[in-house]
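An overview of the molecular structure
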Amino acid sequence: MRQVGWSDLDMAARALLARPAAERPRAARAMIEAAHVADLWRKRFGTAHPHGGTGSLHAEACLHARRAARPGSPEYCAALTQVLAALAAWRARLHDDL
């Protein structure tokens, strides 16, 4: 997956907010995995993945419904925390050297 910046985290959190709370942890993991697969595709074929964007978390999150939220709201902060937790778990599992 491409380097994750603030806009990636923000869009992913907003995509989670469009889902029921019980689905959010799984959805965060799925977005991260899909972004990783799209990045591998981009590196191998030199083009965006036909169903998964360019390999950034931002591009992946843009493929999903999103909900607007105030960045400081408790619900937004909880969604952002879920994205960060899923990202940390993904990196720990697949990329121990990072």
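Whatever comes next refers back to the structure up there.
Starting afresh in each chain, residues are numbered from 1 along the sequence in its written order. Only residues with pLDDT of at least 70 are given local features in this predicted model, and only at 80 or more are side-chain atom pairs given and counted; all residues enter the totals for whole chains, interfaces and linings. The side-chain values count all of the structure's non-hydrogen atoms but skip hydrogen atoms and water molecules.

Axes here refer to lines fitted to C-alpha atoms; in helices the fit is confined to the stretch in contact. Angles between the N-to-C directions go from 0 to 180 degrees. The numbering of helices and of strands both runs from the N terminus, where a helix is a DSSP run of H or I of at least 4 residues and a strand a run of E of at least 2. Closest axis-to-axis distance for the helix H1 (residues 6-17)/helix H2 (residues 24-45) pair is 10 Å, and the angle between their directions is 140°. When the axes of H1 and H2 are compared, the pair comes out oblique. Here the hand of the crossing between H1 and H2 comes out right-handed. Where H1 abuts H2, its residues Ala-12, Ala-15, Leu-16 and Leu-17 lie against Arg-24, Ala-27, Ala-28 and Met-31. Split by residue class, the contact of H1 with H2 holds seven nonpolar, no polar and one charged. Oblique is the label for any angle not under 35 degrees, not over 145, and not in the 65 to 115 range, which are roughly parallel, roughly antiparallel and roughly perpendicular in turn. By the definition used in this description, the sense in which the near helix is turned from the far one sets the handedness, with an anticlockwise turn below a right angle giving left-handed and a clockwise turn giving right-handed. Contact criterion: two residues are considered in contact whenever any of their non-hydrogen atoms come within 4.5 Å of each other. Basically, the charged four are Asp, Glu, Lys and Arg, the nonpolar ten are Ala, Val, Leu, Ile, Met, Phe, Trp, Tyr, Cys and Pro, and anything else, Gly included, counts as polar.

Turning our eyes to something else, we now look at the side chain of Asp-8. Within the secondary structure layout, Asp-8 lies in helix H1. Only protein chains enter the area calculation, which uses a 1.4 Å probe; residues under 20% of their type maximum are buried, those over 50% are exposed, and those in between are partly exposed. Counting rule for charge: Lys and Arg are taken as positive, Asp and Glu as negative, and neither His nor the chain ends is counted. Salt bridge criterion: a side-chain nitrogen from Lys or Arg within 4 Å of a carboxyl oxygen from Asp or Glu. Buried and without a salt bridge, Asp-8 has Arg-2 as its closest oppositely charged side chain, separated by 8.4 Å. A distance of 2.7 Å separates a polar side-chain atom of Asp-8 from the backbone nitrogen of Gly-5. In terms of polar contacts, Asp-8 uses its side chain to reach the backbone amide nitrogen of His-58, at 2.9 Å. Setting aside chain neighbours within four positions, we find Asp-8 in contact with Gln-3, Ser-56, Leu-57 and His-58. Counting of polar contacts relies on pairs of N or O atoms within 3.5 Å, with two restrictions inside protein: one atom must be capable of donating a hydrogen and the other of accepting it, and residues adjacent in sequence are counted only when both atoms are side-chain atoms.

Within the secondary structure layout, Ala-38 lies in helix H2. Overall, the relative accessible area of 1% leaves Ala-38 in the buried class.

Following the criterion strictly, the structure yields seven salt bridges and no others. Between Lys-43 and Asp-39 there is a salt bridge; the shortest N-O distance is 3.3 Å. Of the two residues, Lys-43 and Asp-39 both sit in helix H2, four residues apart, roughly one turn of that helix. As a salt-bridge pair, Glu-75 and Arg-67 come within 2.5 Å of each other at their nearest N and O atoms. Judged by its relative accessible area of 33%, Glu-75 falls in the partly exposed class. Via salt bridges that share partners, Arg-24, Arg-67 and Glu-75 belong to a single interconnected network.

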